[in-house]
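Below, each chain spelled out in residue letters.
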Amino acid sequence: MEPLPKGLLMIIGGAEDKKEEMSILKKFVSFLKHDDSVLLVLTTATKQARAVGEDYRSAFEKLGLKNIHIINIDSRADANHEEYLKIIRQSEGIFFTGGDQLRITSIIGGTKAYQALKECYINGGIIAGTSAGASVMSNIMIVEGDNNEPARKCTLKLAPGFGFLNNTIIDQHFAQRGRIGRLLCGVAQNPDILGIGIDEDTSIIVYPEHYFEVYGTNSVTIIDGKSIQSSNVSELKPNEILAITNITLHVLPDGYGFHLKNREVFRLNSFSKDQY
């Protein structure tokens, strides 16, 4: 049985402010112990690795960090390279950029780098991901689906994620790209899991005590499939409009939290870890 993680996850819905207030990036930096903490930015998701990496270097330097590594693990050979593994093991914070989530999992999944990332989280590291870097955090990952469309059967492409946050499926750019239909499909296909849709410039911060808080300028949508009474997701007629009844949905802005085991919403100003 794997040990419970001691680290934190910061899962960001994409398009976080990197120029002005930078509140989400500031929050991430605040979890690091000091200005000399080793921060690793992984640009595997993007084909514009150099430009994206330098944007984040500039933002994190403005926030006072001095020891920043930008690594583009671009192949499975890279993901088993001892030089990269050494940096991962030294890092207190790791930040996955946006791009294509399937690039991250197909290049890093099952490699020594993946194991080192997992060990970092288990041993107390701070793991963050934005956009595609958010999607890989769950154990079931949305690869492709319709935006701004009604929920339809057989239109969603799923793949395994990294599983840092189990029993979940995460979607990003959520309200801005009209992705509620595709997240409903994902939960209908896997009703035991939680669907978590994170808006742009918004994040969830997941603590070892099995709860998360919402932080940012927009909101987080939670779809709980355990209450579903019926759906037509397993029937024939692909591309048919999805039918689903008695699903539970929460929309939470900054100042709210959610307990993952008990599946309960709470206000942060009245929350105590002891109550769970």
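Structure: above.
This is a predicted model, so every value here is computed, not measured.

J.: Tell me about the environment of Phe 95, residues and numbers included.
T.: Counting through the fold element by element, Phe 95 comes out in strand β4 (residues 93–96). Assessed through its relative accessible area of 0%, Phe 95 is described here as buried. Through-space distance from the C-alpha of Phe 95 to that of Met 10 is 9.0 Å; in sequence the pair is 85 residues apart. Every residue in contact with Phe 95, bar those within four places of it in the chain, is listed here: Ile 12, Glu 16, Leu 25, Phe 28, Leu 39, Leu 40, Val 41, Leu 42, Tyr 56, Phe 60, Ala 128 and Thr 130.

J.: Can you explain the sheet that holds strand β8 (residues 165–172)? Please cite residues and give values.
T.: One open sheet holds the six strands; their spatial order is β7-β6-β8-β9-β12-β15, and the pairing between them is mixed. Edge positions in the sheet fall to β7 (157–160) and β15 (248–253), since each of these pairs with one other strand and no more. Looking at each pair of strands side by side, their axes are set apart by 25° on average, direction ignored. Of the pairings in the sheet, the one linking strand β6 (residues 138–144) to β8 comprises three bridges and is parallel in character. Bridge pairing in β8 places Ser 138 opposite Leu 165. On the sheet, helix α4 (residues 101–108) packs against β6, β7 and β8 and is oriented at approximately 130° with respect to β6.

J.: Could you give an account of the packing of aromatic side chains, with specific residues and numbers?
T.: Counting across every chain of the model gives 13 aromatic pairs. Between Tyr 56 and Phe 95, the aromatic rings sit 4.9 Å apart at their centres with planes inclined by 45°, giving tilted as the arrangement. With Tyr 56 in helix α2 (residues 49–62) and Phe 95 in strand β4, the pair connects residues that are 39 residues apart, well separated along the chain. Ring geometry for Tyr 114 against Phe 162: centres 5.1 Å apart, planes inclined by 50°, an arrangement best described as tilted. With Tyr 114 in helix α5 (residues 112–122) and Phe 162 in the loop between β7 and β8, the pair connects residues that are 48 residues apart, well separated along the chain. Across the pair, exposure class does not vary: Tyr 114 and Phe 162 are buried alike. Taken together, the aromatic side chains of Phe 96, Tyr 114, Tyr 121, Phe 162 and Phe 164 make up a single cluster linked through ring pairs. The aromatic ring of Tyr 215 is capped on one face by Lys 27, whose charged end is 5.0 Å from the ring centroid.

J.: Would you mind going over the sheet that holds strand β10 (residues 202–207) in detail, with residue names and values included?
T.: Across the sheet, which stays open at both edges, the nine strands sit in the order β3-β2-β4-β5-β1-β10-β11-β16-β17 with mixed pairing between neighbours. Where the open sheet ends on each side, the last strands, each with one partner, are β3 (67–71) and β17 (264–267). Here the strands of the sheet are splayed against their neighbours by 20° on average, with no regard to which way each runs. Pairing of strand β11 (residues 211–216) with strand β16 (residues 256–259) involves three bridges; the strand directions are antiparallel. Across the sheet, the residue bridging to Phe 212 is Phe 258, located in β16. Contacts between helix α1 (residues 23–30) and the sheet are confined to β1 (8–12), β2 (38–42), β4, β5 (126–130), β10 and β11, with β11 contributing the most and set at about 140° to the helix.

J.: Lay out the pairing of β10 in plain terms, naming residues and giving numbers.
T.: Walk down a regular strand and you will see the side chains alternate between the two sheet faces. Among the six residues that make up β10, six are buried, leaving the element largely enclosed by the rest of the structure. Neither face of β10 is left uncovered, since the one carrying Thr 202, Ile 204 and Val 206 and the one carrying Ser 203, Ile 205 and Tyr 207 both have all their residues buried. Alignment of β1 against β10, held across four bridges, turns out to be antiparallel. Following the sheet pairing, Leu 9 is matched in β10 by Val 206. The loop that links β10 with its antiparallel partner β11 comprises three residues; one of these, His 210, has a positive phi angle of about 70°.

Conventions and cut-offs
- Residues numbered from 1 in each chain as written.
- Predicted model: local features only at pLDDT ≥ 70, side-chain atom pairs only at ≥ 80, totals over all residues.
- Heavy atoms only, no water.
- Helix = DSSP H or I, 4+ residues; strand = E, 2+ residues; numbered from the N terminus.
- Buried < 20%, exposed > 50% of the residue type's maximum accessible area, 1.4 Å probe, protein only.
- Contact = heavy atoms within 4.5 Å.
- Pairing = 2+ DSSP bridges.
- Axes fitted to C-alpha atoms, helices over the stretch in contact; angles between N-to-C directions.
- Phe/Tyr/Trp six-rings, centres within 6.5 Å; stacked < 30°, edge-to-face > 60°.
- Lys NZ or Arg CZ within 6 Å of the ring centre and 35° of its normal.

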